[in-house]
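Analysis of the macromolecular model
Chain by chain, the residues run as shown.
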Amino acid sequence: MAEPPLKSVLQKPPGYRDPNFPAAQSGFRPPSRKPVLPPSFHQRKGKGRFCRVCCCSFCVFLSVLILLVVTGSMVFYFLFDPKFPGFHVQSIRMSRFNVTKKPDGTYLDAAMTTRLEVKNPNVKMTYYYGDTEFDVGVGEGGDETPAGTTVVTGFTMGKQSTTSLKVETKASNMLVADDVGSRLRTRHRSKTLAVNVEARTKVGLGVAGLKIGRVAVTVKCDGITMKQLDGGDMPKCVINMLKWLNIH
């Protein structure tokens, strides 16, 4: 009796996995692959270290600079005992003040002379003033009306000295509202008309023969009345520096 023919056995290709034998049971695990990150995700240790060094150096430099400024300011204060200048209104003289009502409106014509007293109380410091621009107005609040502008030439104040500034201003044919003109006229007659003076200049210091750079300063003398001055009062003006520092 003849034997049945043998079936040919197919060879398994390399890497073939029998589905009946999972990889976990057979002990075979595929090698783990490390994820490839884009270059922007790689840490740059050198650059980070450099930034930290720069930040630390800047903080140290800033701290030393602040310490030097504070120390220098204290030494300057104890050596020279600096004091701010003082501004007072001495007098106001109105040589002309007319409020005229015309068919086309109410007009103000005024001419006045204002005198300011400036004091330098310092024993060891000199003040240098640049050209000073003055704006003068009359009235308060919504009634305030310009009464002229002028410029006073720069000047120097020695140690412990006093200077008187003569400020002459004029206003011609200044159109005002009818009710405002009426109130200005009434208050002028009763010597209760408020006069407002504003001065803008630059002030420098002279210390031990050295000149220190000038700083912009605004001086305001508001609400001054003739009755107040006739009573012997010399109102003190307010000095504004750096736009936020007010010195009374």
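Preceding block: the structure.
To start, this report covers the structure provided alongside it.

What follows deals with the overall build of the protein. Tallying secondary structure elements over the protein gives 4 helices and 11 strands in all. For the protein, the proportion of its 248 residues judged to be buried stands at 31%. Long-range pairs, those at least 24 residues apart, make up 68% of the contacts in the protein with a sequence separation of at least 6.

Another point: the sheet that holds strand β2 (residues 105-120). Across the sheet, which stays open at both edges, the 3 strands sit in the order β1-β2-β7 with antiparallel pairing between neighbours. On the outer flanks of this sheet lie β1 (86-102) and β7 (161-176), each paired with one strand and no other. Sheet twist, expressed as the mean angle between neighbouring strand axes with direction ignored, is 10°. Along the sheet face, helix α3 (residues 178-189) touches β1, β2 and β7 and points at about 125° away from the line of β1.

Moving on, we come to the state of the cysteines. On inspection of all chains with the given rule, the structure shows 1 disulfide. Residue pairing for Cys 221: its cysteine sulfur links by disulfide to Cys 237, the two sulfurs lying 1.9 Å apart. Disulfide Cys 221-Cys 237: the torsion about the S-S bond is 100°, which places it as right-handed. Of this pair, Cys 221 sits in strand β9 (residues 210-224) while Cys 237 is found in the loop between α4 (226-230) and β10 (238-241), placing the two residues 16 residues apart along the sequence.

Moving on: the packing of aromatic side chains. Two aromatic rings, taken as a pair, are described by how far apart their centres are and by the angle between their planes. All chains considered together, the criterion is met by 3 aromatic pairs. Judged by centre distance (6.2 Å) and plane angle (50°), the ring pair of Tyr 127 and Tyr 129 falls under tilted. Residue class for Tyr 129 comes out buried when judged on its relative accessible area of 3%. Relative to Phe 155, the ring of Tyr 129 has its centre 4.6 Å away and its plane inclined at 15°; by these criteria the two rings are stacked. Note that Tyr 129 is positioned in strand β3 (residues 125-129) and Phe 155 in strand β6 (residues 155-157), a separation of 26 residues in sequence. Here Tyr 129 and Phe 155 have matching classes, each one buried. Aromatic rings pair up to connect Phe 87, Tyr 127, Tyr 129 and Phe 155 into one cluster. The side chain of Lys 102 reaches across the aromatic face of Tyr 107, ending 5.1 Å from its centre.

Attention now goes to α3. Two residues of an α-helix separated by three or four positions point the same way, owing to the 3.6 residues in each turn. Along its 12 residues, α3 runs 17 Å from first to last C-alpha, staying within 8% of the 16 Å computed at 1.5 Å per residue. Within the sequence span of α3, burial applies to Val 180, Gly 181 and Leu 184. Here the buried residues of α3 occupy an arc of 100° about the axis, which is enough to place them on one side. Of the exposed residues in α3, those oriented more than 90 degrees away from the buried face are Thr 186 and Arg 189. Residues of α3 that are buried in the fold lie against β1, β2, β4 (132-138), β5 (145-152) and β7. The positive-phi residue at the C-terminal boundary of α3 is Lys 191, with phi of around 60°.

Formed by 41 residues in total, the largest nonpolar core has its most connected members in Phe 97 and Val 138. Every residue in contact with Phe 97, bar those within four places of it in the chain, is listed here: Leu 108, Asp 109, Ala 110, Val 138, Leu 184, His 188 and Leu 193.

This brings us to a nonpolar patch on the surface. On the surface, a cluster of nonpolar side chains totalling about 920 Å² of accessible area is made up of Phe 58, Phe 61, Leu 62, Leu 65, Ile 66, Val 69, Val 70, Met 74 and Phe 78. If you trace the backbone, Met 74 turns up in helix α2 (residues 45-80).

For the rest of this paragraph, the subject is the pattern of salt bridges. A full pass over the atoms with the stated rule returns 9 salt bridges. In this structure, the salt-bridge partner of Asp 143 is Arg 183, at a minimum N-O distance of 2.8 Å. Of this pair, Asp 143 sits in the loop between β4 and β5 while Arg 183 sits in helix α3, and the two are 40 residues apart along the sequence. Between Glu 198 and Arg 200 there is a salt bridge, with the nearest N and O atoms lying 2.9 Å from each other. Salt bridges sharing common partners tie together Glu 133, Asp 135, Glu 198 and Arg 200.

Looking now at unusual backbone geometry. Within the chain, Asn 173 stands out as a residue other than glycine whose phi angle is a positive 50°. Mapped onto the elements, Asn 173 comes out in strand β7. A residue is classified by how much of its surface remains accessible, and Asn 173, at 48% relative accessible area, is partly exposed. Despite not being glycine, Lys 191 shows a phi value in the positive range, around 60°. Tracing the chain through its elements places Lys 191 in the loop between α3 and β8 (195-207).

Definitions and limits used
- Residues numbered from 1 in each chain as written.
- Predicted model: local features only at pLDDT ≥ 70, side-chain atom pairs only at ≥ 80, totals over all residues.
- Heavy atoms only, no water.
- Helix = DSSP H or I, 4+ residues; strand = E, 2+ residues; numbered from the N terminus.
- Buried < 20%, exposed > 50% of the residue type's maximum accessible area, 1.4 Å probe, protein only.
- Contact = heavy atoms within 4.5 Å.
- Pairing = 2+ DSSP bridges.
- Axes fitted to C-alpha atoms, helices over the stretch in contact; angles between N-to-C directions.
- Disulfide = S-S within 2.5 Å.
- Phe/Tyr/Trp six-rings, centres within 6.5 Å; stacked < 30°, edge-to-face > 60°.
- Lys NZ or Arg CZ within 6 Å of the ring centre and 35° of its normal.
- Expected span 1.5 Å × (residues − 1).
- Arc of directions from axis to C-beta.
- Core = buried A, V, L, I, M, F, W, Y, C linked by side-chain atoms within 4.5 Å.
- Patch = residues over 30% accessible without salt bridge, like charges linked within 9 Å, V, L, I, M, F, W, Y side chains within 5 Å.
- Areas by Shrake-Rupley, 256 points an atom, 1.4 Å probe, with all protein chains shown as cover.
- Salt bridge = Lys/Arg side-chain N within 4 Å of Asp/Glu carboxyl O.

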